[in-house]
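Chains, contacts and geometry: an overview
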Amino acid sequence: MAVTETNLGLSTQSDFSRRNAGESSSTAPWHAQVPVGYWVVGFVLLLMPAFASDFMLFQIFGWTFILGMIALSLMFLAGYGGMVSLVQMTLAALAGYCMAIFGTSAIETISLGWPWWVAIPIALIIAVIFGTITGALAVRTEGIYTIMITLAIASAFFYFTRQNYVIFNGFSGFNGVLPPNLFGIDWRGPKAFYYLTLFWATLSFLVVVYVSRAPFGLALQGVRDNPRRMAALGFNVNAHRIAAYSFSALIAGVAGILLTWQSAQISPGTAGTGPVIDILVIAVIGGLNKPIGPFIGAFIYVLLKTFAIDVLISLGLSGDRFQLLVGISFLLIVFFSPDGVLGLWERWRASRNRDPLLDAGEDRLS
Amino acid sequence: MSVQETGMERSTSVAERLSATGTANALELRGVSKYFGALAALKDITISVAPGERRAVLGSNGAGKTTLFNCITGDFLASEGTVRFFGEDVTEFAAHERIRRGLRRTYQISLLFTGLTVIDNVYLACCGVSRGRFSFIRARRNDALMATAEDLVRVVHLEDSRDTLVANLSYGQQRQLEIAMALSGAPRFILFDEPAAGLSPTERSELIEILTGLPSHMGYIIIEHDMDVALRVSETVTMMHNGAIFKEGKPAEIEEDAEVQALYLGGGHE
Amino acid sequence: MRAYATKHPVWSAILFFAAAFLLWMIFAIWPAWLIDILGRKKVFLSALLNGITLGGLYFLVASGFTLIFGLMRNVNLAHGSLYLLGGYIGYIVATATGYWILAFPAAFIVVAAFGILLQFFVFRRMEGQDLRQTLVTIGISIVMADLMLWGFGGDFYNITPPEWLSGPIQTFFVTGVKRSSGDLIFLKYPVVRLVILVAAILIGIGMWVLLNRTQVGMLIRAGVDDRDMLSATGARIQWVFVGVFAFGAGLAGLAGVVGGTFQSIAPGEDIRFLLASLVVVIVGGMGSITGAALGAVIIGLAEQFGSVYFPTYAVVLTFVIMVVVLAFRPQGLLGRA
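Residues numbered from 1 in each chain as written. Chains lettered and ligands numbered in written order. Predicted model: local features only at pLDDT ≥ 70, side-chain atom pairs only at ≥ 80, totals over all residues.

Bringing the overall build of chain B into the picture now. Within chain B one finds 10 helices and 10 strands. Scored against the burial criterion, the 270 residues of chain B give a buried share of 43%. Residue pairs at least 24 apart in sequence account for 68% of intrachain contacts in chain B once pairs closer than 6 positions are excluded. (Helix = DSSP H or I, 4+ residues; strand = E, 2+ residues; numbered from the N terminus. Buried ≥ 20, exposed ≤ 12 C-beta atoms within 10 Å, placed from the backbone. Contact = placed C-beta atoms within 7 Å.)

Quick look at the interface of chain C and chain A now. Contact residues are listed per partner, giving 34 residues for chain C and 36 residues for chain A. Put simply, the parts of the chain that give the side of chain C that touches chain A at least two residues each are α7 (130-152), α13 (269-284) and α15 (314-328) of chain C. Examining the composition of the side of chain C that touches chain A, we find that 15 residues originate from one element, α7 of chain C, more than from any other.

What follows is about the confidence of the model for chain B. Residues and elements named next belong to chain B. With 85% of its residues at a pLDDT of 70 or more, chain B has an overall mean of 77. Contacts for the low-pLDDT stretch residues 1-15, under 50 throughout, to residues beyond four places or in other chains number 5 contacts. Reported confidences for the modelled complex are a pTM of 0.77 and an ipTM of 0.75. (pLDDT = per-residue confidence, 0-100.)

All names here are of chain B. Its identity as a non-glycine residue notwithstanding, His157 has a phi of 60°, on the positive side. Judged by C-beta crowding, with 15 C-beta atoms within 10 Å, His157 ranks as partly exposed. A positive phi angle, near 45°, is found at Glu194, a position not held by glycine. Residue classification places Glu194 among the buried positions, given that 20 C-beta atoms sit within 10 Å.

Residue and element names in this part refer to chain B. Here 6 strands make up an open sheet; going across it, the order is β6-β7-β8-β3-β9-β10 and the pairing mixed. Each end of this open sheet is capped by a strand with a single partner; those strands are β6 (103-105) and β10 (244-249). Neighbour to neighbour, the strand axes of the sheet diverge by 20° on average, direction disregarded. Judged from the 3 bridges that link them, β6 and strand β7 (residues 189-193) form a sheet pairing that is parallel. What sits directly across from Arg105, in β7, is Leu191. Contacts from helix α2 (residues 65-73) reach β3 (54-58), β6, β7, β8 (219-223) and β9 (236-241), with the element oriented near 150° to β7. (Pairing = 2+ DSSP bridges. Axes fitted to C-alpha atoms, helices over the stretch in contact; angles between N-to-C directions.)

Time to look at the pairing of β3 of chain B. Residue and element names in this part refer to chain B. Across the 5 residues that make up β3, a large majority, 5, are buried. Going residue by residue along β3, you find Arg54, Ala56 and Leu58 tucked away on one face and Arg55 and Val57 tucked away on the opposite face as well. Both β3 and β9 contribute to a ladder of 4 bridges, which runs parallel. The residue bridging Ala56 from the neighbouring strand is Val237, located in β9.

Take the interface of chain A and chain B next. Listed as interface residues are 27 residues of chain A and, on the opposing side, 30 residues of chain B. Residue assignment for the side of chain A that touches chain B shows that the elements contributing at least two residues are α1 (14-24), α8 (190-212), α9 (215-225) and α10 (227-232) of chain A. The element that contributes the greatest number of residues to the side of chain A that touches chain B is α9 of chain A, accounting for 6 residues. Residues belonging to the side of chain A that touches chain B are distributed by class as follows: 14 nonpolar, 8 polar and 5 charged. (Nonpolar A, V, L, I, M, F, W, Y, C, P; charged D, E, K, R; others polar.)

It is worth spelling out the sheet that holds strand β4 (residues 80-85) of chain B at this point. All names here are of chain B. If you trace the 4 strands from one edge of the open sheet to the other, you get β2-β1-β4-β5, paired in antiparallel fashion. The outermost strands of the open sheet, each flanked by one partner alone, are β2 (39-49) and β5 (88-89). Of the pairings in the sheet, the one linking strand β1 (residues 27-36) to β2 comprises 7 bridges and is antiparallel in character. Bridging from a neighbouring strand, Glu28 pairs with Ser48 of β2.

Low pLDDT means the predicted coordinates in that region are not meant to be read closely. All names here are of chain A. Summary statistics for chain A give a mean pLDDT of 78 and a share of 86% for residues scoring 70 or more. Contacts for the low-pLDDT stretch residues 1-26, under 50 throughout, to residues beyond four places or in other chains number 55 contacts. For the stretch residues 358-366, pLDDT sits under 50, and the model shows 10 contacts to residues farther than four places along the chain or on other chains.

For the rest of this paragraph, the subject is the environment of Ala255 of chain C. Residues and elements named next belong to chain C. Turning to its location among the elements, Ala255 is positioned in helix α12 (residues 236-262). Considered as a pair, Ala255 and Phe319 are 64 residues apart in the sequence and their alpha carbons are 22 Å apart. With residues up to four places along the chain from it excluded, the contact list for Ala255 reads Leu57, Leu60, Val61, Tyr83 and Gly86.

A few words on the packing of α13 of chain C against α15 of chain C. Residue and element names in this part refer to chain C. Look at α13 against α15: their axes get within 9 Å of each other, and the N-to-C directions meet at 35°. By crossing handedness, the relation of α13 to α15 is classed as left-handed. Contacts between α13 and α15 involve Val279, Ile282 and Val283 from the former and Thr318, Phe319, Ile321, Met322, Val325 and Leu326 from the latter. Of the residues belonging to the contact of α13 with α15, the class tally is 8 nonpolar, 1 polar and no charged. (Left-handed = near helix turned anticlockwise from the far one by under 90°.)

So, about helix α9 (residues 191-213) of chain C. Between its first and last C-alpha atoms α9 of chain C spans 32 Å; for 23 residues at 1.5 Å apiece the expected length is 33 Å, and the two agree. Those residues of α9 of chain C not exposed but buried are Val192, Arg193, Ile196, Ala200 and Met207 of chain C. (Expected span 1.5 Å × (residues − 1).)

To continue, consider the nonpolar core. Counting 279 residues, the largest nonpolar core has Ala152 of chain A, Val122 of chain B together with Val61, Val279 and Ile282 of chain C as the members making the most contacts within it. Broken down by element, the residue count for this core peaks at 17 residues, all from helix α4 (residues 54-81) of chain A. In this view, Val279 of chain C contacts Ala152 of chain A together with Ile299, Thr318, Phe319 and Met322 of chain C; residues no more than four positions away in its chain are not counted. (Core = buried A, V, L, I, M, F, W, Y, C linked by C-beta atoms within 7 Å.)

Once that is clear, we can look at helix α14 (residues 322-336) of chain A. The first and last C-alpha atoms of α14 of chain A sit 21 Å apart over 15 residues, in line with the 21 Å expected at 1.5 Å per residue. Along α14 of chain A, the positions that sit buried rather than exposed are Leu324, Val326, Gly327, Phe330, Ile333 and Val334 of chain A.

This next bit is on the environment of Ala266 of chain C. Relative to the helices and strands, Ala266 of chain C is located in the loop between α12 and α13. When the 20 C-beta atoms within 10 Å are taken as the criterion, Ala266 of chain C is described as buried.

Pasting the structure below:
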C-alpha cells in the first residue's frame, strides 16, 4: 500500500492541542469546562423566540442550523480526517428524497405513505449506506483526488435524479413533504421548527465534539496526520476513513430531512453543483478546524443570501450579483485566513492579548 | 484474477499454520528482494529468527536494514520472496494485519503524534490492537486500555512527562516513547530501528536496561550502529552489506571476524 | 502488447473478437437481425462518429487539465471556466472580424495569458498547499461564472464556421443499400466535426511528440515522475511551470471555440466541461496524456451511444464507468499505481 502523505495545507492540530488543554483541567466539573461564551450563546439561542420575528426564526436560524449541520458533517471529514468531500449535500438530499418516497408527499403516485417512524430510519440508513459506498470509493485514492471524485459522484446523483421519473420524479421532484404532526404540534410553525432544528444542530455539534476525543475520533486525527504510523499501530487506515464517511452521512442525513421539511419540497436542484459547492464554501468561511466553524459559516452565508440583494441594490448594483459577492468573500477568506473567520478571530484575539515583552508562542493553547 | 490467487493462498496458509504451530520460527524470510525501479534495495534475503531470539542487524548506511524492516512490517510489500510470522505467510498482508498478529516496530525518525500528550500517544497505540479502536465512547480513567497505557509510560520512565505534549519532549524522551508504543498490546516480536541513535550515555544505559528487561518470550531485531549497545542486547548478529546478508553469527565471532572489521570499521562511517 | 497477450490469453481473445466484430459492424452492410436489435445502421454510425468527435473535444479540455495536474499537482477546478471564457472570446472575435479561424489563436492567447496570471498570483504563492489551491480555484470559478453571466447574459451563443466547412460531406462508410437501384448509400457527416477531430488528433500527437521527443518534454516528464528532482535542477523550472500552465489553459480556451462551433456556449457549460474533464482524467489516469485521450474517447462514446440507445440515463452512464474504473483500478486505466 503506497501511502502518500499529502499536505492539505489547512489542517492544523488545534484539536489535538485543545484536547490536551481539556484533559489537564478534567478535575473541574463539566459545566466549568465550557467557556463562558458558549453559555451566553446557548441562553440567547434558547430565548430567541421571545424576541425574534417568525421570519428570523424559520428562515434565518432554521436554515442556518440545517446548513450548519451539513457543513459540520464536512468539517468532521475534512478537519479530523483530512478528506474534503463534496458529497455531503447529496447525502442530505438523498435522505430528503427518501422521506418523500417512503413517507408522504403531494406526488401520491410515487410516495409510499409509510409512517414517519418507519420512513425516517430508512432514510437515514440509506443515506449512511450511500455515504459509506462513496467513502469506500473515495479512499481508494489519496488527498486531493477525493475532492474530484466526490464532486463527480455528487453530479452523477444530480443528473440521475433529474432524469429518473420512476423513483425521483425527475426535474420537479417532490412537494408537500411535511413533518408529522407529533404531539399535536405543527413542526413547521416558526417556533416549533426553530427549536426542532436547534435541538438537532446542538446534538450533532455535541456528538462531534465528544467523538473527536473518543478513540475513534483520535484515531481519525492520527490517520490524518500520519497514516503510515497508524497502520504500524494496527489501525486499518482505510476502514477508519470509510467509517468517518458513514458517521458524517448520518449527520448530513438528519439535516437533509430537516431541510426537506423546511421547504416542504425536494428536487434535483437541492443537490445541484451550486449547493454542493456552497457547503464547502460555508465550511471554509466558518473554519474547517472546529465544530463551531460550520455554524458560523452557515450564519454568514444565510445572512448574505437573504440580505445581500438589498445591500447590492442599495449600492446601485444589480441584485443578481449575489454569487459574485459569495465568490469574492470566499476567495478573500481562502487567501488571507485559511482557517476561516474563526481563525481571523483567534488571531485578532491573540494579537490583542500578546504581551509585547514576551514572545507569546503558546497563544494557541489559550 | 489476483483475488482468486490470494484466496487460494489464504486457504492453504490455514493448513500450514496448523501444521506449523509450535515449531515455527518467529520470523522467517525466504528469498526476499525489494526493487525500487531498477535499484535492488534488498537482494535475496533469507533469515530465520526463533521465538524469543534477540538479534542485531548491523551494516553501513544504505545496506538495506530499514528496507528490510519495511518489508517485514508491510510498510512496503516485498517484490519477491515470502515473509512468515510465527509460521503464517504474511507476505501479502497489509501493515495493520501484521501488527494485529503481534508484530511491532519503532521508526528511525520518530513518527509520533506531536500534537498529542505522551499518554495519548501510548493510548492510541493500545487502541490500535484492541477492539476498541472504533469506539465512539471516550475513555474513562479506570479504563483497562488506559491502565495498560499508564503502565507502559512507567516502563519507559516517562511518568513525569505523562501529560506533556510530545512536541515538547526531548529527543531522548521521544525515542523512549517510540519504544513504549511498540510495547503496547502484547507484542510477540519487535523490530527496533536504531533506538539508541542520538541518546546520551545515561539514556543509552536506560535503553539497554529496558531491552534486556523485556519478558524472555518477546524476541526482537534491533538495528544499531553502536556496536557496544548492539552486542550487549543481542544473542545473534546479522551483518548486511549492499542489500544482502554478509555474515551471521554470535556477537563475539562477528566482532573478531576480519572481513567484518575491514568492512565495518575500515569502510564504515561512524 | 505481446506480454499482455501471453499473460492474459482469454482476455486477449475476447478483446480481439470484440474489435473484429466492431470493425465488421462499421464496414459491413447490416443483416436484418442486427437491424432488429440495434435499429438502423445510420444511427449507430452517427453515434460512433459523434462519440469520437465529442471525445476529441473532451480530449482538448482534459489534456490541459491533466497536464497541469501531472506536472504541478494543481487541481484547477476553474478549468471549466477557462473553457467558457475561451468560447466567449472566440465568439466575439469571430463575429467582429468575420473570420472563424481567427477565433482559435485569439482564444488560445487570451486564455493562456489568463492562465499565466493564475499561475503567478495564485498557484506560486501557495505551492505545496493542495487543498488551498483547489479552494481558490473553486472561488475563481464562482466569480468568473458570475462575471461572464453579467457580461454575456444567459443566452446561447453559436460560433458559425465558414461556408466551406458547414455542409455535410459524403464519407466512405456504407449505411445500407438502396432498394430500388441496388446502389450503396454512404453516410453523410458534417465537415466541421471531422476537421475538428483531425485537429484534435494532430494536437494530441503534437503534445506526445513534444513530451517524448524534446528537451522541454523530458524536463516535464521528469517533473511528473519526481518533483523533488525537478526543483533541484534550478530556476528554469519555474518557466516550465508557467509554460505548461499557459499551454494547458490555452488548450481549454481553444476547446471553448470548438465547443462553441459544434455545440453552443452558455452559462453552465463551464461546470459541464469541468465535470467531463474530471471524469475523463479519473477514467484515463491522472497526469497521463495518452490516458486523457483514451478516457475522452470512452466518455464521448458512452455519452453518444447512451443518448441513442438508452436516452434517459445517458449522463449517468459516464459516471457508472467512472465508478467501475475507480473500484477496480483506482489510479485510472493508464495511470501509474
